[in-house]
Amino acid sequence: MSVSETGIAHGDVPSQSGARSPEISAISEISEISESTAERTGESAPDSAQQHGDLPPDRYLDREQSWVRFNQRVLELAEDESVPLLERVRFLAIFASNLDEFFMVRVAGLMRRMVAGFPVGGAGSQMAVQVLKSTLAIAGELTKRHAADFSDRIQPLLAEHEIEILRWKELSPAERDTLTDLFKSRIYPVLTPLVVDPAHPFPFISGLSLNLAVTLAEPGTGSTLFARVKVPPLLPRFLNVSQQRYVPIEDVIAAHLGQLFGGMDIVEHYVFRVTRVRELEVDEDATQNLLQAMERELVKRRFEPAVRLEVEEDMSDDVLRRLVKELSVDRDAVFKLPGPLDLAGLNAIADLPIGELRYPAFVPSTRAIPTDSSVFATLNERDVLVHHPYDSFTTTVERLIEEAAADPQVLAIKQTLYRTSGESPIVDALIDAAEAGKQVVVVVEIKARFDERANIIWARKLEEAGCHVVYGFVGMKTHCKLVLIVRQEADGTLKRYCHIGTGNYHPTTARLYEDYGLLTADSAVGEDVTDLFNHLTGYSRKSGYQRLLVAPEALRAGIVGRIGRQAARARAGKPAKIAFKCNAIVDEVVIDALYRASQAGVPVDLWVRGICALRPGLPGLSETIRVRSVLGRFLEHSRIFAFGTGVPDPDAAPEEDPDAGNDVWIGSADMMHRNLDRRVEALVRVSDPGHCTRLRELIAMGMDDGTSSWWLDGDGNWSRHARDAADRPLRDVQESLIKEKSRGRSVDA
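Procedures and definitions
- Residues numbered from 1 in each chain as written.
- Predicted model: local features only at pLDDT ≥ 70, side-chain atom pairs only at ≥ 80, totals over all residues.
- Heavy atoms only, no water.
- Helix = DSSP H or I, 4+ residues; strand = E, 2+ residues; numbered from the N terminus.
- Buried < 20%, exposed > 50% of the residue type's maximum accessible area, 1.4 Å probe, protein only.
- Areas by Shrake-Rupley, 256 points an atom, 1.4 Å probe, with all protein chains shown as cover.
- Pairing = 2+ DSSP bridges.
- Core = buried A, V, L, I, M, F, W, Y, C linked by side-chain atoms within 4.5 Å.
- Contact = heavy atoms within 4.5 Å.
- Axes fitted to C-alpha atoms, helices over the stretch in contact; angles between N-to-C directions.
- Arc of directions from axis to C-beta.
- Phe/Tyr/Trp six-rings, centres within 6.5 Å; stacked < 30°, edge-to-face > 60°.
- Lys NZ or Arg CZ within 6 Å of the ring centre and 35° of its normal.
- Parallel < 35°, antiparallel > 145°, perpendicular 65-115°, else oblique.
- Nonpolar A, V, L, I, M, F, W, Y, C, P; charged D, E, K, R; others polar.
- pLDDT = per-residue confidence, 0-100.
- Salt bridge = Lys/Arg side-chain N within 4 Å of Asp/Glu carboxyl O.
- Expected span 1.5 Å × (residues − 1).

Caption draft 1: Structural context of the overall build of the chain. For the chain, the helix and strand inventory stands at 20 helices and 27 strands. For the chain, with 749 residues in total, the buried portion stands at 60%. For the chain, the exposed surface amounts to about 28,900 Å²; the carbon and sulfur share of it is 50%.

Caption draft 2: The sheet that holds strand β5 (residues 238-242), seen in detail. With respect to topology, three strands assemble into an open sheet ordered β1-β6-β5, the strand pairing being mixed. The open sheet has two free edges, formed respectively by β1 (164-165) and β5, since each of these has just one partner strand. Judged from the four bridges that link them, β5 and strand β6 (residues 245-248) form a sheet pairing that is antiparallel. The residue of β6 that forms the bridge with Leu239 is Val247.

Caption draft 3: How the structure looks around the nonpolar core. One finds Ile253 and Leu309 to be the most contacted residues of the largest nonpolar core, which totals 147 residues. It is helix α3 (residues 85-116) that provides the largest number of residues to this core, a total of 16 residues. The residues contacting Ile253, other than those within four sequence positions of it, are Phe183, Ile187, Leu191, Leu212, Val229, Val231, Pro232 and Leu260. One finds Val443, Val664, Val680 and Met703 within the second-largest nonpolar core, a separate group that totals 45 residues.

Caption draft 4: Local environment of the sheet that holds strand β9 (residues 334-337). As summarised here, the arrangement of the six strands in space is β2-β4-β3-β7-β8-β9, forming an open sheet in which the pairing is mixed. The sheet terminates laterally at β2 (194-196) and β9, the two strands that pair on one side only. Between one strand axis and the next, the sheet turns by 30° as a mean value, whatever way the strands run. With eight bridges joining them, strand β3 (residues 210-217) and strand β7 (residues 265-276) adopt antiparallel strand pairing. Note on β7: the bridge partner recorded for Leu212 is Val271. Along the sheet, helix α9 (residues 317-327) makes contact with β2, β3, β4 (224-230), β7, β8 (306-312) and β9, crossing β8 at roughly 165°.

Caption draft 5: Structural context of α9. If you check which residues of α9 are buried, you get Val319, Leu320, Leu323, Val324 and Leu327. For α9, the arc enclosing every buried residue in end-on projection is 130°, short of the 170-degree limit, so these residues lie on one face. The outward face of α9, more than 90 degrees from its buried face, is lined by the exposed residues Asp318 and Lys325. Elements that come into contact with the buried residues of α9 comprise β3, β4, β7, β8 and β9. Immediately downstream of α9, the backbone of Ser328 shows phi near 55°, a positive value.

Caption draft 6: Geometry of the pairing of strand β26 (residues 709-712). Sheet analysis places strand β21 (residues 625-629) next to β26, joined by two bridges and oriented antiparallel. The partner of Ser629 across the bridge, within β26, is Trp710. In this sheet, strand β27 (residues 718-721) lies alongside β26 in antiparallel orientation, the contact comprising four bridges. In the sheet register, Trp711 faces β27, and the bridge partner there is Ser719. What sits between the antiparallel neighbours β26 and β27 is a turn of five residues, in which Gly716 has the positive phi angle 90°.

Caption draft 7: Structural view of the side chain of Asp149. With respect to the helices, strands and loops of the structure, Asp149 is situated in helix α4 (residues 128-160). Residue Asp149 is classed as buried on the basis of its relative accessible area of 0%. Those residues in contact with Asp149 that sit more than four places away from it in its chain are Ala78, Glu79, Arg88, Leu92 and Ile154.

Caption draft 8: Structural view of the packing of aromatic side chains. For the coordinates displayed, the defined rule picks out 12 aromatic pairs. When the ring of Phe103 is compared with that of Phe335, the centres are 5.7 Å apart and the planes differ by 80°; the resulting orientation is edge-to-face. Taken together, the residues Phe103 in helix α3 and Phe335 in strand β9 connect sequence positions 232 residues apart. Pairing Phe580 with Phe643 gives two aromatic rings, centres 5.7 Å apart and planes at 75°, and the pair type is edge-to-face. Here the residue Phe580 occupies a position in strand β19 (residues 578-582), and Phe643 occupies one in strand β23 (residues 639-643), the gap between them amounting to 63 residues. Both residues of the pair, Phe580 and Phe643, count as buried. Taken together through their ring pairs, the aromatic side chains of Trp67, Phe70, Phe102, Phe103 and Phe335 make up a single cluster. Here the guanidinium or amino end of Arg308 rests over the ring plane of Phe103, the centre of that ring lying 4.6 Å away.

Caption draft 9: Spatial organisation of unusual backbone geometry. Here the bond from Gly339 into Pro340 is cis, since omega is -5°, no more than 30 degrees from zero. Position of Pro340 relative to the elements: it lies in the loop between β9 and α10 (347-350). The backbone phi angle of Glu162 is positive, close to 60°, even though this residue is not glycine. Summarising the element assignment, Glu162 is placed in the loop between α4 and β1. Non-glycine residue Asp342 carries a positive phi angle of around 55°. Secondary-structure assignment places Asp342 in the loop between β9 and α10.

Caption draft 10: Focus on the packing of helix α16 (residues 555-571) against helix α17 (residues 588-599). Two elements in contact, α16 and α17, have axes separated by 9 Å at closest approach and are oriented at 5°. One way to sum up the angle between α16 and α17 is to call them roughly parallel. Residues Arg556, Val560, Ile563 and Ala567 of α16 touch α17, and the partners they reach there are Val589, Val590, Ala593, Leu594 and Ala597. The class makeup of the residues in the contact of α16 with α17 is eight nonpolar, no polar and one charged.

Caption draft 11: Focus on the confidence of the model for the chain. Counting all residues, the mean pLDDT for the chain is 86, and 82% of those residues have values of 70 or more. A low-confidence stretch, residues 1-52 stays under pLDDT 50, and its non-local contacts, those more than four residues away or across chains, total 164 contacts. Here residues 297-303 is modelled with pLDDT under 50, and outside its nearest four sequence neighbours on either side it reaches 14 contacts, counting other chains as well.

Caption draft 12: How the structure looks around the pattern of salt bridges. All told, the structure shown has 46 salt bridges when counted by the stated rule. Between Arg273 and Asp100 there is a salt bridge, with its nearest N and O atoms 2.8 Å apart. Here Arg273 is found in strand β7, whereas its partner Asp100 is found in helix α3, with 173 residues between them in sequence. For the pair formed by Arg273 and Asp100, the shared burial category is buried. Put simply, Asp407 and Arg487 hold a salt bridge, and the shortest N to O gap is 2.7 Å. Here Asp407, found in the loop between α12 (394-406) and β11 (410-417), pairs with Arg487, found in strand β15 (residues 481-488); they are 80 residues apart in sequence, far enough to count as distant. Arg487 shares its class with Asp407; the two are buried.

Caption draft 13: Quick peek at helix α5 (residues 173-187). Taking 1.5 Å per residue as the helical rise, α5 with its 15 residues ought to reach 21 Å, and the 19 Å between its terminal C-alpha atoms agrees with that figure. Packed against the buried residues of α5 are β5, β6, α6 (249-255) and α7 (257-260).

Caption draft 14: Inspection of the pairing of strand β12 (residues 439-444) at higher detail. For β12, the buried fraction is high: five of the six residues fall into the buried class. In this sheet, β12 lies alongside β11 in parallel orientation, the contact comprising six bridges. In the sheet register, Ile413 faces β12, and the bridge partner there is Val440. Here β12 pairs with strand β13 (residues 468-470) via three bridges, running parallel. Across the sheet, the residue bridging to Val443 is Val470, located in β13.

Shown next, in the form of structure tokens:
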């Protein structure tokens, strides 16, 4: 399970792209973009004069604090006694890794803006120094709460199940002897103690490394020296002493400091950890070889400024002052915590194979595509909508690409790759296809945050196999999830088969992330996806599509225009509704359009996993808007945009389409600046009525008062609703879908 995006961090913690300059576009500029796009696509964007005139200036929530509140919801799952114990341990680890990413990316961005004197980008108009101060305060409170939950609740519960995380002083003499032998053979040889003196300046402390600050004294003179010992990052965070008994590796090193500093007295030692900026900045306009430039930036990344300092709570003032000075870290970004630090390492404990302490085993359904016929035969009969992880990724998406690679009638395969796994059957299938003589084109996003190095490796491997590898556009990430297969049919005609998804082609996260994918042989979709790939690999500038909305050209305008259509229907007394499910809603133009739809009386349901800058339930502004969030065993990751009630209009005029205003879209985009302005994203309109109903039903289940979820109020506070008035647990969406799949219901039923 995971709830973030670095491998949560699996890949999608909500955070802005590093390609954005400090001079973030103002709301009026975004409005202009939307209007010009609308002219090209025929959609109506809101009048720019109306964008601000009668809407209150304080109508947006702060996005940084909204993200911190998202991580608070993760922490609340770790605190929930109804969650299996080892899953609570995992939520503690996820909270820690999420916060690491938040500091490396978002807090780093705030500090840059503060130094430059720029306001915070996006929703709201506070100066960076204001947002930074309040954000650090909230993050500090949650960090202490996180540490307390581990030490006061989780550790004792683990001990009750004979899983112990101990400190050195709690070990038996025999266990200490065992660890001393381990230290000599596996740890000591890779340690490098660094002393600070006139000949040796303060050493560079790499980001996210665990370190010991040591004060030494000369036995004869009593003069003191400062030293730093880095904990080797490739060794286990918690060393297994004996059966389910663990000790932090820094305790073992601290107990043997005398061997590192022979002849010196150890006065004091403390553990500390530094977080540094981790954004990649590449001037693509001035860089001919983007691949080599990215590799150079990955080397440079280790030397970025410090944005957070975590220290043991008993660290002496002298040592703390020295670290703050040498690292030039803001005192508000210094967190004093009970040890052990770096609880992201708890994943090793959460992985223990103790079934009764984990979520029950779940086997995805393999019924979405019949096993007794080919994928192509199935798609010639009907579209297939798959819902991961409830539907198997292996027997649907992987199978499509593997069959295409092996099928002699397939002439070409084109695919986007944003993130994939270390051992990827999909990449292997693409290589097999290229070696079999098929034309294989892969658009690889080598700037996918935290996966840059892995994607560079895949890009080189694909190129060596003969695949055409394309790195997308200058200044823009390719985030859409597309597969296009061109196949010669028995009658000699060429037919296109497509997959358009909401999640990455990543077999591992497909078992943890909730996502949708549409597999289709529809000719209109095939033409659209062909045109989009030509746009990605060539110089095509087509912006109008039949069943796609594509960013940055038309996606915002398409969404805003459809919101406006629902508002117009409501004002005309016709049924209207808007329901979104996505990871984040930050874009001001979209938010303002939703406010205006609410003012027109449109019921608006927003299922948002992470950041939400919209303020729901405010009189005269957003009375009809509800915002809910669902977190749990799987990472809610799909993006669904549903317009209308789903019921044809019986009062439509003869020349009107009775289904006008009733459309459902799925795809890769969230309602954020980076997605709408600086990424290639794609949404596809779902045409099958049964699929549309199923997607609407999912959002309705998530928004239902009987479903366990968090509710957002107009002040930015999230309140958890997990039990009914009789203290019975409310419906768990994910468990309900697991049970539904086990009973055999399919999205195509």
